[in-house]
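Spelled out, the chains give:
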Amino acid sequence: MTTRAPHRLARLRLIATDVDGTLLTSDRTISPRTLAAFEAAHDRGVLVMPISGRQPFSIDEMVAGTVLQGPAVGANGAVGCDLRTDEVYFEDTLPVDAQTELVLRMREAVPGTRCVSVRNAGRTFVPEHGYVGLMDPGDHGRAELTLPEYDLAEVLARPSLKLILRHDTVSEDALLAVALELAVPGCHVTTSGAPFVEVSAEGVTKESGLEQMCARFGIAASEVLAFGDNRNDVEMLRWVGHGVAMGNGLPEALEAADEVTASHDDDGIALVIERVLAEQD
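1. Let's talk about the overall build of the protein chain
Turning to step 1, where the next piece is worked out: Scanning the protein chain from N- to C-terminus turns up 10 helices and 13 strands.
Turning to step 2, where the next piece is worked out: What you see for the protein chain is a C-alpha radius of gyration of 18 Å, in line with the 19 Å of a compact globule of 281 residues.
Turning to step 3, where the next piece is worked out: Overall size of the protein chain, expressed as C-alpha extent along the three principal axes, is 60 × 35 × 35 Å.
Turning to step 4, where the next piece is worked out: Looking at the protein chain residue by residue over its 281 residues, the buried ones come to 55%.
Turning to step 5, where the next piece is worked out: A separation threshold of at least 6 residues defines the contact pool for the protein chain, and within that pool the share at least 24 residues apart is 60%.
Turning to step 6, where the next piece is worked out: Counting only carbon and sulfur atoms, one obtains 49% of the accessible surface of the protein chain, whose full area is about 11,400 Å².

Laid out in structure tokens, this is it:
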């Protein structure tokens with residue numbers, strides 16, 4: 001495990017955690033030690049919150065029945081909700097003109113690029129013709145691969161909570177490089193470890209989503225401990241009082257963090273939460 005010199009949080013009031021590659025182990029479960037650490041924090045009045053590129057329904061499938069089933073941020077910061085009550089606190093959508101320009105220019109630059117519009121707090125999935133055949137079971141939290149597909153005009157006709165770009169032979173990293181080079185106004189593009197590019201409205205990141213949740217609950221950034229492992233965690237890790245990258249994280253996440261802990265398979269989250277709680281006794 002590699003660390004930077006950790007600093008003490010003056011007061012711990014919220015723990016935010018990415019899900020895939022961070023909260024979940026390689027077998028897609030939460031380890032007993034990590035869950036016990038979150039329970040200990042919750043018992044001391046700390047709000048514990050999943051924050052993911054997943055949609056709320058998919059986050060809920062991973063944390064149901066635990067102390068993490070409550071307030072959550074999905075779609076890379078575009079939607080805030082309560083998983084127990086299904087109340088939606090906010091949705092920040094990608095405008096039609098911006099997503100249309102990005103998709104059309106991406107298709108010129110990389111022919112064969114396909115897209116999906118995710119809407120309605122993540123419940124509605126509108127894939128372009130040819131997209132579903134690129135999916136594996138479980139992609140986008142959907143086990144079924146007999147989904148309806150739509151003409152491109154219909155996919156782009158309404159604002160998206162998140163827009164997905166994918167190609168059958170071009171990697172997500174190569175697609176991301178093209179999208180970043182195009183720099184279409186109104187769009188924020190990133191990846192999360194999945195085989196596609198994820199597009200939100202400009203300024204919408206896990207940082208912006210977490211900031212809105214903190215404002216709702218009266219919590220300062222300096223009172224937040226956050227964990228992440230991927231590109232879509234970078235802004236959040238820089239914003240919070242103490243950002244922690246997983247040992248299995250990408251270089252961008254490690255660089256953004258205040259501390260690097262053990263991997264998601266080695267209870268990296270638990271190691272930090274246990275230490276921080278002990279420091280604040």
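From this point on, the discussion continues.
2. With respect to the layout of surface pockets
Empty space among the atoms becomes apparent when a probe as large as a water molecule is rolled across them.
Turning to step 1, where the next piece is worked out: Space inside the largest pocket adds up to approximately 550 Å³.
Turning to step 2, where the next piece is worked out: Residue lining of the largest pocket: 31 residues in total, with Asp20, Arg54, Ser192, Ala194 and Phe196 positioned closest to the centre.
Turning to step 3, where the next piece is worked out: Counting only elements with at least two residues in the lining of the largest pocket, the list comes to helix H1 (19-23) and strand S8 (162-166).
Turning to step 4, where the next piece is worked out: The residue makeup of the lining of the largest pocket, split by class, is seven nonpolar, 15 polar and nine charged.

3. What to know about empty space enclosed by the protein
Turning to step 1, where the next piece is worked out: Going through the model one piece at a time under the given rule, you end up with one cavity of 30 Å³ or more.
Turning to step 2, where the next piece is worked out: Here the largest cavity defines a volume of roughly 40 Å³.
Turning to step 3, where the next piece is worked out: Around the largest cavity, the lining residues are Asn76, His188, Thr190, Ser200, Val204, Thr205, Lys206, Asn232 and Glu235.
Turning to step 4, where the next piece is worked out: Here the residues of the lining of the largest cavity are counted per class, giving one nonpolar, six polar and two charged.

4. Description of the environment of valine 63
Turning to step 1, where the next piece is worked out: Take valine 63: it is sitting in helix H3 (residues 56-63).
Turning to step 2, where the next piece is worked out: A residue is classified by how much of its surface remains accessible, and valine 63, at 0% relative accessible area, is buried.
Turning to step 3, where the next piece is worked out: Sequence spacing of valine 63 and valine 19 is 44 residues, and the spatial spacing of their C-alpha atoms is 9.3 Å.
Turning to step 4, where the next piece is worked out: Leaving out residues up to four positions away in the same chain, valine 63 has contacts with Leu23, Ile30, Leu68, Gln69 and Leu83.

5. Overview of the packing of aromatic side chains
Turning to step 1, where the next piece is worked out: Counted by the stated rule, this structure contains one aromatic pair.
Turning to step 2, where the next piece is worked out: Both rings, one in tyrosine 89 and one in phenylalanine 217, keep their centres 6.4 Å apart while their planes meet at 75°; by these two values the pair is edge-to-face. On the criterion of sequence distance, the pair formed by tyrosine 89 in strand S5 (residues 88-91) and phenylalanine 217 in helix H7 (residues 206-217) is long-range, its members being 128 residues apart.
Turning to step 3, where the next piece is worked out: Here arginine 216 stacks its cationic end above the ring of tyrosine 89, 3.7 Å away from the centre of that ring.

6. Remarks on the side chain of serine 160
Turning to step 1, where the next piece is worked out: Tracing the sequence through the fold places serine 160 in the loop between helix H5 (152-155) and S8.
Turning to step 2, where the next piece is worked out: Here the side chain of serine 160 touches glutamine 99 through a polar contact of 2.7 Å, side chain to side chain.
Turning to step 3, where the next piece is worked out: Residues within four places of serine 160 in sequence aside, it is in contact with Thr93, Leu94, Gln99, Ser117 and Val118.

7. Quick look at the pairing of strand S12 (residues 242-245)
Turning to step 1, where the next piece is worked out: Of the two faces of S12, the one carrying His242 and Val244 and the one carrying Gly243 and Ala245 are both buried.
Turning to step 2, where the next piece is worked out: Note that strand S11 (residues 224-228) and S12 share four bridges and pair parallel. The residue bridging leucine 225 from the neighbouring strand is histidine 242, located in S12.
Turning to step 3, where the next piece is worked out: Each parallel crossover has a hand, and the one from S11 via helix H8 (residues 234-239) to S12 is right-handed.
Turning to step 4, where the next piece is worked out: Sheet topology places S12 next to strand S13 (residues 259-260); two bridges connect them, and they run parallel. Paired with valine 244 across the two strands is glutamate 259, which belongs to S13.

8. Considering the nonpolar core
Turning to step 1, where the next piece is worked out: Counting residues in each nonpolar core, the largest one holds 29 residues, and the members touching the most others are Leu102, Cys115, Leu163, Leu165 and Val199.
Turning to step 2, where the next piece is worked out: Elements with a minimum of two residues in this core: helix H4 (96-109), H5, S8, helix H6 (172-182), strand S9 (187-190) and strand S10 (197-201).

9. Notes on the pattern of salt bridges
Turning to step 1, where the next piece is worked out: For the structure on display, the rule yields 15 salt bridges.
Turning to step 2, where the next piece is worked out: Residue arginine 105 pairs with glutamate 101 through a salt bridge whose shortest N-O separation is 3.2 Å. Of this pair, arginine 105 and glutamate 101 both sit in helix H4, four residues apart, roughly one helical turn.
Turning to step 3, where the next piece is worked out: For arginine 105, a relative accessible area of 31% gives the class partly exposed.
Turning to step 4, where the next piece is worked out: For glutamate 101, a relative accessible area of 33% corresponds to the partly exposed category.
Turning to step 5, where the next piece is worked out: For lysine 162, the salt bridge is made with glutamate 198, and the minimal N-O distance between the two is 3.0 Å. On the criterion of sequence distance, the pair formed by lysine 162 in strand S8 and glutamate 198 in strand S10 is long-range, its members being 36 residues apart. Each member of the pair, lysine 162 as well as glutamate 198, is classed as buried.

What counts, and at which threshold
- Residues numbered from 1 in each chain as written.
- Predicted model: local features only at pLDDT ≥ 70, side-chain atom pairs only at ≥ 80, totals over all residues.
- Heavy atoms only, no water.
- Helix = DSSP H or I, 4+ residues; strand = E, 2+ residues; numbered from the N terminus.
- Rg over C-alpha atoms; globule rule 2.2 N^0.38 Å.
- Buried < 20%, exposed > 50% of the residue type's maximum accessible area, 1.4 Å probe, protein only.
- Contact = heavy atoms within 4.5 Å.
- Areas by Shrake-Rupley, 256 points an atom, 1.4 Å probe, with all protein chains shown as cover.
- 1 Å grid on protein atoms, 1.4 Å probe; cavity = no way out; pocket = protein on both sides within 12 Å on 5 of 7 lines; lining within 4 Å.
- Points joined across faces, edges and corners; volume = space filled by probe spheres on them.
- Nonpolar A, V, L, I, M, F, W, Y, C, P; charged D, E, K, R; others polar.
- Phe/Tyr/Trp six-rings, centres within 6.5 Å; stacked < 30°, edge-to-face > 60°.
- Lys NZ or Arg CZ within 6 Å of the ring centre and 35° of its normal.
- Polar contact = N/O pair within 3.5 Å; in protein donor to acceptor, adjacent residues only side chain to side chain.
- Pairing = 2+ DSSP bridges.
- Right-handed = clockwise from strand over helix to strand, strands pointing away.
- Core = buried A, V, L, I, M, F, W, Y, C linked by side-chain atoms within 4.5 Å.
- Salt bridge = Lys/Arg side-chain N within 4 Å of Asp/Glu carboxyl O.

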